[in-house]
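Architecture and fold: a report
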Amino acid sequence: MRLGSGTFAACCVVIQVLGVALFLRGFFPAPIRSSSRTEHQAEPPAPEPSAGDRSNWTKLPPPLFRKVVIMLIDGLRDDFVFGSKGVKFMPYTTYLVEKGASHSFVAEAKLPTVTMPRIKALMTGSLPGFIDVVRNLNSPALVEDNVITQAKAAGKRIIFYGDETWVKLFPKHFVEYDGTTSFFVSDYTEVDDNVTRHLDKVLKRGDWDVLILHYLGLDHIGHVSGPNSPLIGHKLREMDSVLMKIHTSLLSEERETLVPNLLVLCGDHGMSEAGGHGASSMEELNTALILISSAFERKPGDIRRPKHVQQTDLAATLAIGLGLPIPGNSVGSLLFPTVEGRPVREQLRFLHLNAVQLSKLLQENVPSYTKEPGFEQFKMSERLHGNWIRLYLEENNSEVLFNLGAKVRRQYLEALRTLSLSLSRQVAQYDIYSMLVGTVMVLEVLVLLLLSIPQALSNKAELEVPLWSPVFSLLFYLVFLVLSALHVIVCTSAESSCYFCGLSWLTAGGVMALISALLCAVVSALAKVFADGKHLRKNPAHPKARWSELDVLILLGTLGHVLSLGASSFVEEEHQTWYFLVNTLCLALCHELYKNCFLRDDGEPQPCSHVEQGLVSSEPALWDRNIHCNVSEPHRVSKSPTSLDTLRGYEKWMVLASPWVILTCCRLLRSLNQTGVQWAHRPDLGHWLTSSDHKAELSVLAALSLLVIFVLVQRRCSLTSKVAMALGLLGVYCYRAAIGNVLFPWQRDSKDISKGVIEARFVHVFVLGILFTGTKDLLKSQVIAADFTIKTVGLWEIYSGLVLLAALLFRPHNLPVLVLSLLIQTLMTKFIWKPLRHDAAEITIMHYWFCQAFFYFQGNSNNIATVDVSAGFVGLDTYMEVPAAFLTAFATFAGPVLWASHLVSFLSSETRSGSALSHACFCYALTCSFPVSAYIILVTSLRHHLFIWSVFSPKLLYEGMHVLITAAICVFFTAMDQTNTKS
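Residues numbered from 1 in each chain as written. Predicted model: local features only at pLDDT ≥ 70, side-chain atom pairs only at ≥ 80, totals over all residues. Heavy atoms only, no water.

A look at the sheet that holds strand β9 (residues 286–292)
Formally: Strand pairing requires that DSSP identify at least two bridges connecting the strands. By the criteria applied, helices consist of DSSP H or I runs no shorter than four residues and strands consist of E runs no shorter than two, each listed in order from the N terminus. An axis is simply a line fitted to the C-alpha atoms; with a helix, the fit covers only the stretch in contact. Between two such axes, the angle follows the N-to-C directions and lies from 0 to 180 degrees.
A sheet is described by the order of its strands in space; here eight strands give the open sequence β6-β5-β7-β3-β8-β9-β4-β10, paired in mixed fashion. Where the open sheet ends on each side, the last strands, each with one partner, are β6 (176–180) and β10 (307–310). Taken over all neighbouring pairs, the strand axes of this sheet differ in orientation by 15 degrees on average, direction set aside. Bridge count for strand β4 (residues 102–108) against β10 is four bridges, and the pairing is parallel. Across the sheet, the residue bridging to glutamate 108 is glutamine 310, located in β10.

As structure tokens, then:
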């Protein structure tokens, strides 16, 4: 069966997407779970330990508080409360922290620092899996043991207002609720007003026990404007007034009931300096946690500095405070300051219940639990506790009893700390079988692509896939039977849950058949390579091809990047690798240009009097260098010296200056956005431009950028698309002015700020119009076999529509990234690729390198926190999942998408050869497969590494997205290649 190399590559990448998805499902595992309370069945509490005399404390202690109010402010990092912002904008909260009846903590969240996993951690006390960052978009109901479910089972009446994630996690748990969407980040006023409007009424009522409020406005301001925005201060002041209203109401109620209430102020995660969250910086991990109650006595002059605790400690503390069992999966410890005012016997009872729960969880998840230091400390504490009970029942007051009680308390607290630490290290169990199956699929695809290079990059751009040969069939059935037998053995003997084993037999059998077919194809390709090698040794008809310096650089650069992924520092600062490679590529191109211009074939100097005809000719100029190459080694292209025709005026200087101009552009882009981890905090041009003091400068820069974008893009568009592009870019500026990012010349300030929905939709209309015009031209060129130029114009218009969409979604200070991207593409096209006659493979890999560099030039990194969620809601007045996800993904990966679409447009316009697009598709797929395959092997071997969740796992998610985008790009390549063939 013969396939074009482009079609073959597209199929391979689609299969690789399946393999990566299966690997990700196994790699991001299910956290540790307690099997003793799967259906939230009521268990009798552990009795108080005794030594001889039997204790009568066998039931759960009564609640410490009559009512509990949880006020969760999304994105409330610790310095917003305990730092200068708290002193300035939250005076009442600051008073409670410094002088009031409260206990303050800095609660450390664990990865991933996004909302849904953090709510689970707060209510269950467990450590959610990293895959919850994906589930955050559509939260499933929580079946894990948690405080909310325990409270409902105990007859507590719970009311909730705020982020609808709670309603999805705890359906049918609230007697009253009003959910608001958490993803519409452009709204930071109504989303909080819809919570506060219920307070006056509900605080006067006595028909509830737990009130939960989740405010989203602060987090939304961070996403849109960053933590240094003036809006942050206004929002903190608003939250302070809400806290004062709730606290005042609870205090007035306590005067009548004489029973203390508890007010909890907390955040789910912090906020990075860029305004996002999801990564592991201190600003994202550290959140404020304040427990306020009249039960917390405070003497005058008692200064309490916020203590560092784990966010998971809140679940155990709330359970004790409400008189509920501690959630079975909790790895947190009781916040002891909340009970230190209680009698010693009650203190030890609370600590014992927490220690028993943690020790049970340890026994169920750690086979050698008896050797764990925490378990030994717990047993010692329990024995001492029993001795204390015996003394207590014998004599109530003695110094020995007091000293022993203090010792038992210290022993329990140390045991809790050690047990919690041991359980936190046992974060999860990997699904090794699913990971292995996904890895095999990915590696088979990579090996198959490597072995297919000779045929795929030949002049015909076709290869033979022996799917129906008898030998292939026999080997296929043997491998399929062996794999099926192994699957049955693994799935029937597996002790832990396995995703791949949970699939239907038909689905699992299909995957096994696919793996078997890939293995047989690899064997057939390997046999063909050996056979061709023997034939060439016997009949050396062709001279050996010679590698050019650029080929060596491309190969070494690609391999060097793959090897660099083995170090956590290189993963954190991967942008530096791509910046180095792109700069080195520019210097190599400069060397090649100067060598071809000033040296003859024998190395002697010659007058610079040649240039390629493509500079002045309208004919396609891309040269297929495989015409004279050995078919068995097409990747080693025999390159004859480039014949440069007469240079004309500015063209001569532009050819010579282009690499240096590109280097200058890259250097400017590096200064625009600091990214990575080590130096992300350093000031850059982006921070300077986005400050409120430089709005005029930003406005001028944005206007100039949009003007240059129009000049660079419109040159190959039809008249209709030119008009649409001009109006669309004008609409982009109007949108940014409407939301207050930039100013019109007649504006002195930005008081009239709106959401800009009408202006953004105005631009969306023109984006769709340009894309429709380009698609119409493509269909016209295929159906009626029109002139070749109609197809090239159609592809360019599609590219122009994507540029307009990127201009709309990019923040104003990032518009120069788009401008310089277009400028570099123009320079490379006219003054480098045409004069030097690079082949499709080289041009493809250069595009790939630049697309990776521009991903980081945008300000992206391998941290989830740099994803600009606000881009997903440009033009939306409510949350719609599919459009929001698409716009966010496009804004994040705009660099790779634009460079890939430019590659298709360039190759289609510069050559009529049917093999160019096929070669490009194959090279793009192969270049992408290298790092993905290597990284999967790497993270498998480093799955117990200290930085596996903070560094390697986010990068793995980005690699998964890159594979998915590559698959879409290859499918588009294949479609265009088929259009070329039919034309």
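A look at helix α12 (residues 230–257)
Just so we agree on the cut-off: In this scheme, a helix's expected span is set at 1.5 Å multiplied by one less than its residue total.
Taking 1.5 Å of rise per residue, the 28 residues of α12 would be expected to cover 40 Å, and the 42 Å separating its terminal C-alpha atoms lies within 8% of that figure. Leucine 258, located one to two residues past α12, shows a positive phi value of around 65 degrees.

Re the nonpolar core
We apply this condition: Note on terminology: a nonpolar core comprises buried Ala, Val, Leu, Ile, Met, Phe, Trp, Tyr and Cys residues joined through side-chain atoms within 4.5 Å. Exposure classes here rest on a 1.4 Å probe applied to the protein chains alone. A residue is buried below 20% of its type maximum, exposed above 50%, and partly exposed in between. What makes two residues a contact is simply this: any of their non-hydrogen atoms within 4.5 Å.
Core analysis: the largest hydrophobic core is formed by 167 residues, its most contacted members being Phe27, Ile709 and Phe850. Among the elements that line this core, the one with the most residues is helix α36 (residues 915–941), at 15 residues. Beyond its immediate chain neighbours, meaning those up to four positions away, phenylalanine 850 contacts Val582, Leu585, Cys586, Ile662, Cys666, Ile824, Met828 and Trp899. Trp166, Val309, Phe350 and Ile389 belong to the second-largest nonpolar core, a separate cluster that totals 69 residues.

Description of the pattern of salt bridges
As a reminder of what qualifies: By definition here, a salt bridge exists when the distance from a side-chain nitrogen of Lys or Arg to a carboxyl oxygen of Asp or Glu is within 4 Å.
Counting across every chain of the model gives 19 salt bridges. The residue aspartate 207 makes a salt bridge to arginine 205 at a minimum N-O spacing of 3.1 Å. Looking at aspartate 207, the relative accessible area reads 35%, which means it is partly exposed. With its nearest N and O atoms 3.0 Å apart, the salt bridge here joins glutamate 238 to lysine 235. Here the residue glutamate 238 and the residue lysine 235 both occupy positions in helix α12, the gap between them amounting to three residues, near one helical turn. Overall, lysine 235 belongs to the buried group, its relative accessible area being 4%. Beyond isolated ion pairs, a larger network of salt bridges with shared partners links Arg66, Lys67 and Glu253.

Examining a nonpolar patch on the surface
Let me state the cut-off plainly: A patch consists of residues whose relative accessible area exceeds 30% and which take part in no salt bridge; residues with like charges are grouped when within 9 Å of each other, and nonpolar side chains (Val, Leu, Ile, Met, Phe, Trp, Tyr) when within 5 Å. For the accessible areas, the method is Shrake-Rupley and the probe is 1.4 Å, while residue cover comes only from the protein chains on display.
Together, Leu719, Val723, Leu727, Leu730 and Phe762 make up a nonpolar patch on the protein surface, roughly 470 Å² of accessible area in all. As for its placement among the helices and strands, leucine 730 is situated in helix α29 (residues 719–738).

Examining the state of the cysteines
Heads up, the condition is: For this text, the term disulfide refers to a pair of cysteine sulfurs within 2.5 Å.
Inspection of the entire model under this criterion finds one disulfide. The disulfide partner of cysteine 491 is cysteine 501, and the S-S distance across this bridge is 2.1 Å. What sets the handedness of the cysteine 491 and cysteine 501 disulfide is the S-S torsion sign, and at about -85 degrees it is left-handed. Here cysteine 491, found in helix α20 (residues 470–493), pairs with cysteine 501, found in helix α21 (residues 499–502); they are ten residues apart in sequence, far enough to count as distant. Cysteine 501 gets classed as partly exposed once you look at its relative accessible area, which sits at 22%.

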